[in-house]
Amino acid sequence: QVQLVESGGGLVQAGGSLRLSCAASGSIFSSNVMGWYRQAPGKQRELVAIIASTGSTNCADSVKGRFTISRDNPKNTVLLQMNSLKPEDTAVYYCYLLLLGRSYWGQGTQVTVSS
């Protein structure tokens, strides 16, 4: 049974920073992809950033230069450092794990950026 537990969301003013953390537990094999997606009200869920166990990353153009994704492989943890936040970053952020061809999702954490 794989579980993803997120933490770190909240309310911040534009220009501020937040850090999201997600810990995976269960039968986690070393080769996997972890990351973050987000969904704003009335919009589809979209990729924010992902990172493979090799360290290779991919992120949305809208967050490049502002968000940084990292991971701690022994702890099966992925972090998302979000700087220079904008009101349009407001969304529910979901932790994501791709493991042996199957996708897993966290429960989501709200990030609200006020103008």
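Residues numbered from 1 in each chain as written. Predicted model: local features only at pLDDT ≥ 70, side-chain atom pairs only at ≥ 80, totals over all residues. Heavy atoms only, no water.

**Q** For this particular structure, what's the right way to read the overall build of the protein?
**A** Secondary structure assignment for the protein yields 0 helices and 11 strands. Helices (α) and strands (β) of the protein occur, in sequence order from the N terminus, as β-β-β-β-β-β-β-β-β-β-β. For a compact globule of 115 residues, the expected C-alpha radius of gyration is about 13 Å, and the protein comes in at 13 Å, within 12% of that figure. Its C-alpha atoms give the protein principal-axis dimensions of roughly 40 × 25 × 20 Å. The buried share of the protein, reckoned over its 115 residues, is 42%. When contacts within the protein are restricted to residue pairs at least 6 apart in sequence, long-range pairs at least 24 apart make up 54% of them. Surface summary for the protein: the accessible area is close to 6,200 Å², and the carbon and sulfur share equals 48%. Charge centroids of the protein, computed over 10 positive and 6 negative side chains, lie 3 Å from each other. (Helix = DSSP H or I, 4+ residues; strand = E, 2+ residues; numbered from the N terminus. Rg over C-alpha atoms; globule rule 2.2 N^0.38 Å. Buried < 20%, exposed > 50% of the residue type's maximum accessible area, 1.4 Å probe, protein only. Contact = heavy atoms within 4.5 Å. Areas by Shrake-Rupley, 256 points an atom, 1.4 Å probe, with all protein chains shown as cover. Lys, Arg positive; Asp, Glu negative; His and termini not counted. Charge placed at Lys NZ, Arg CZ, Asp CG, Glu CD.)

**Q** I would appreciate a short explanation of unusual backbone geometry in the present structure.
**A** A negative phi holds for most residues other than glycine; trans holds for most peptide bonds. At Ser 84, a residue that is not glycine, the phi angle is positive and equals roughly 50°. The residue Ser 84 is located in the loop between strand S8 (77-82) and strand S9 (91-99) in this model. Residues other than glycine seldom take positive phi values, yet Leu 100 does so here, at roughly 50°. Structurally, Leu 100 is set in the loop between S9 and strand S10 (102-105). Since its relative accessible area comes to 68%, Leu 100 is described here as exposed.

**Q** How should I be thinking about the nonpolar core in this particular structure?
**A** Here is a general trend for soluble globular proteins: nonpolar side chains tend to be buried in one another's company. In terms of nonpolar packing, the biggest core is built from 30 residues, with Trp 36, Leu 80, Met 82 and Tyr 93 touching the most fellow members. For this core, the secondary-structure elements that each account for two or more residues are strand S3 (18-25), strand S4 (33-39), strand S5 (46-52), strand S7 (67-72), S8, S9 and strand S11 (109-114). Take this core: its biggest share by element is 5 residues, from S9. With residues up to four places along the chain from it excluded, the contact list for Leu 80 reads Leu 18, Arg 19, Leu 20, Trp 36, Val 48, Ala 49, Phe 67, Thr 68, Ile 69 and Tyr 93. (Core = buried A, V, L, I, M, F, W, Y, C linked by side-chain atoms within 4.5 Å.)

**Q** Honestly, the pairing of S5 in this entry has me stumped. Any pointers?
**A** In summary, the side chains of a regular strand alternate between the two faces of the sheet. In this structure, S4 lies alongside S5, joined through 6 bridges in antiparallel fashion. Residue Arg 38 lies in a different strand from S5, and its bridge partner there is Glu 46. In this antiparallel pair of consecutive strands, S4 and S5, the connection spans 6 residues, and Gly 42 shows a positive phi of 80°. Here S5 runs beside strand S6 (residues 57-59); their pairing, made up of 3 bridges, is antiparallel. Bridged to Ile 50 within S6 is Asn 58. (Pairing = 2+ DSSP bridges.)

**Q** Is there a simple way to explain the pattern of salt bridges in this structure?
**A** It is possible for side chains of opposite charge to pair when their charged atoms get near one another. Per the counting criterion, the structure on display carries 4 salt bridges. With its nearest N and O atoms 2.7 Å apart, the salt bridge here joins Glu 46 to Arg 38. Look at Arg 38 and you get buried, because its relative accessible area is 6%. With a shortest N-O distance of 3.0 Å, Asp 89 and Arg 38 are connected by a salt bridge. Taken together, the residues span a long stretch of sequence, with Asp 89 in the loop between S8 and S9 and Arg 38 in strand S4 at a distance of 51 residues. If you follow the salt bridges from partner to partner, you end up with Arg 38, Glu 46, Arg 66 and Asp 89 in one network. (Salt bridge = Lys/Arg side-chain N within 4 Å of Asp/Glu carboxyl O.)

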